[in-house]
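The lines below spell out each chain.
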Amino acid sequence: MPSVRGAIIELLRADAELVAMLPDDEHIYHRTAPQDSQPPFIIISKQDGRPTYTFGDHHNGSLWTVKGICRGMDSTPADDLDERIRAVLQDAELDLDGRTTLWFRFEEDVDFGELEEGAIIHHVGAMYRLIDQPD
Amino acid sequence: MAVGGRFASAKGVRSARVVGPNGSVVTMTSRFPGIIAGLEMRTRVASRESAENILEDAQNRAPEGSRNFVDPETGEWHPGLLKDSLYLVDLDIAEDWAVASDLRYAPYVEFGTSVMPAQPFLIPALEAERGPYIARTTAALQAL
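Parameters and conventions
Residues numbered from 1 in each chain as written. Chains lettered and ligands numbered in written order. Predicted model: local features only at pLDDT ≥ 70, side-chain atom pairs only at ≥ 80, totals over all residues. Heavy atoms only, no water. Helix = DSSP H or I, 4+ residues; strand = E, 2+ residues; numbered from the N terminus. Expected span 1.5 Å × (residues − 1). Buried < 20%, exposed > 50% of the residue type's maximum accessible area, 1.4 Å probe, protein only. Contact = heavy atoms within 4.5 Å. Bend = angle between axes of the 7 residues up to and from the residue. Buried area = accessible area lost by both parts, 1.4 Å probe. Salt bridge = Lys/Arg side-chain N within 4 Å of Asp/Glu carboxyl O. Polar contact = N/O pair within 3.5 Å; in protein donor to acceptor, adjacent residues only side chain to side chain. 1 Å grid on protein atoms, 1.4 Å probe; cavity = no way out; pocket = protein on both sides within 12 Å on 5 of 7 lines; lining within 4 Å. Points joined across faces, edges and corners; volume = space filled by probe spheres on them.

## What about helix α1 (residues 32-61) of chain B?
Residues and elements named next belong to chain B.
- With 30 residues, α1 extends 42 Å from end C-alpha to end C-alpha; this agrees with the ideal 44 Å at 1.5 Å per step.
- Among the residues of α1, Gly-38, Thr-43, Ala-46, Ser-47, Ser-50, Ala-51, Ile-54, Leu-55 and Ala-58 are the ones counted as buried.
- Each element contacted by the buried residues of α1 is listed here: β5 (87-90), β6 (97-100) and α4 (122-142).

## Overview of α4 of chain B
- The terminal C-alpha atoms of α4 of chain B lie 30 Å apart, and with 21 residues this matches the ideal 30 Å at 1.5 Å per residue to within 8%.
- A bend of about 40 degrees at Arg-130 of chain B is the largest found in α4 of chain B, and the proline Pro-132 of chain B appears one to four places after it.
- All of the buried residues along α4 of chain B are Ile-123, Pro-124, Ala-125, Glu-127, Glu-129, Thr-137 and Ala-140 of chain B.
- Among the structural elements, β2 (41-54), β3 (57-71) and β5 (119-134) of chain A together with α1 and α3 (106-111) of chain B are those in contact with the buried residues of α4 of chain B.

## A word on unusual backbone geometry
Residues and elements named next belong to chain A.
- Look at the link from Pro-39 to Pro-40: it is a cis peptide, with omega at 5 degrees.
- Position of Pro-40 relative to the elements: it lies in the loop between β1 (28-30) and β2.
- The phi angle at Arg-31 is positive, at roughly 70 degrees, despite the residue not being glycine.
- Judged by relative accessible area, Arg-31 falls into the partly exposed class, the value being 49%.

## Re the interface of chain B and chain A
- Tallying the contact residues gives 19 residues for chain B and 24 residues for chain A.
- For the pair chain B and chain A, the summed buried area comes to about 1,600 Å², and 55% of that belongs to carbon and sulfur atoms.
- Joining chain B to chain A, the criterion identifies 2 salt bridges.
- The interface formed by chain B and chain A includes 11 residue pairs in polar contact (both at pLDDT 80 or more).
- Broken down by secondary-structure element, the contributors of at least two residues to the side of chain B that touches chain A are α3 and α4 of chain B.
- For the side of chain B that touches chain A, the element with the highest residue contribution is α4 of chain B, accounting for 5 residues.

## Quick word on the layout of surface pockets
- Taken as a whole, the largest pocket spans an internal volume of roughly 830 Å³.
- Surrounding the largest pocket, 34 residues form its lining, Glu-108 of chain A together with Val-99, Leu-122, Ile-123 and Leu-126 of chain B being those nearest its centre.
- Sorting the residues of the lining of the largest pocket by element identifies β4 (99-116) and β5 of chain A together with α1, β6, α3 and α4 of chain B as the ones contributing at least two each.
- When residues of the lining of the largest pocket are assigned to their parent elements, the largest contribution, 7 residues, is made by α4 of chain B.

Purely geometric stuff here, so don't read any function into it on its own.
This is the structure we're talking about:
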């Protein structure tokens, strides 16, 4: 699995409890959901990434936002998705080609509401910091 | 050896007179009060400088914005609306500062919506300043 986003999606899709909260395991998207998608679903996106060099060697640090999204007055479905996502991702070892995961851990909450035609779309998730290095 | 119990406190300096066995007197001066006084001021200056850098970087990274998002006061859109909305807030807690925006859609841009990809401008600015902030604070403390 060459990409970080692919590895994260693979981890999430492999968790039966998480997938059971979604219409199907295709409802996990990178960057944005297709225009006609109906919540609940999960969106992952890269918030930041940069290398750190130490005496010529380097490791990569990146921040990934992973959100559960639901629609309606009640944010519980998104809250539940977030809780399960954390259980799956915290300290997980990502399957990355040619790189080793040194650290993948919750960093900070992301929680806001989006107004769309009178309805509230809840975004509940977190940023996770990944530190990896070449093998 | 006797230690004189006289401590003088003037201009943030405390001193103690120590009388040795041969009657010699040594005055020891503590720099801690001065260091403590300088510590807060120097870290605050360093933090302010980092906060200003984060603000400027975030302004440079802020996308011009979608025409779907308008100025809540005027109901109009103009290029750089998000950039212009960013400002520094003194949280008045130790050396803490915040970069803020009053635009409702600012988090939509930073974290994306259900149908719009994220265009991060604040978190990358914060992350870029992490190293310089540590270096700046270290240098400020070493100068004490």
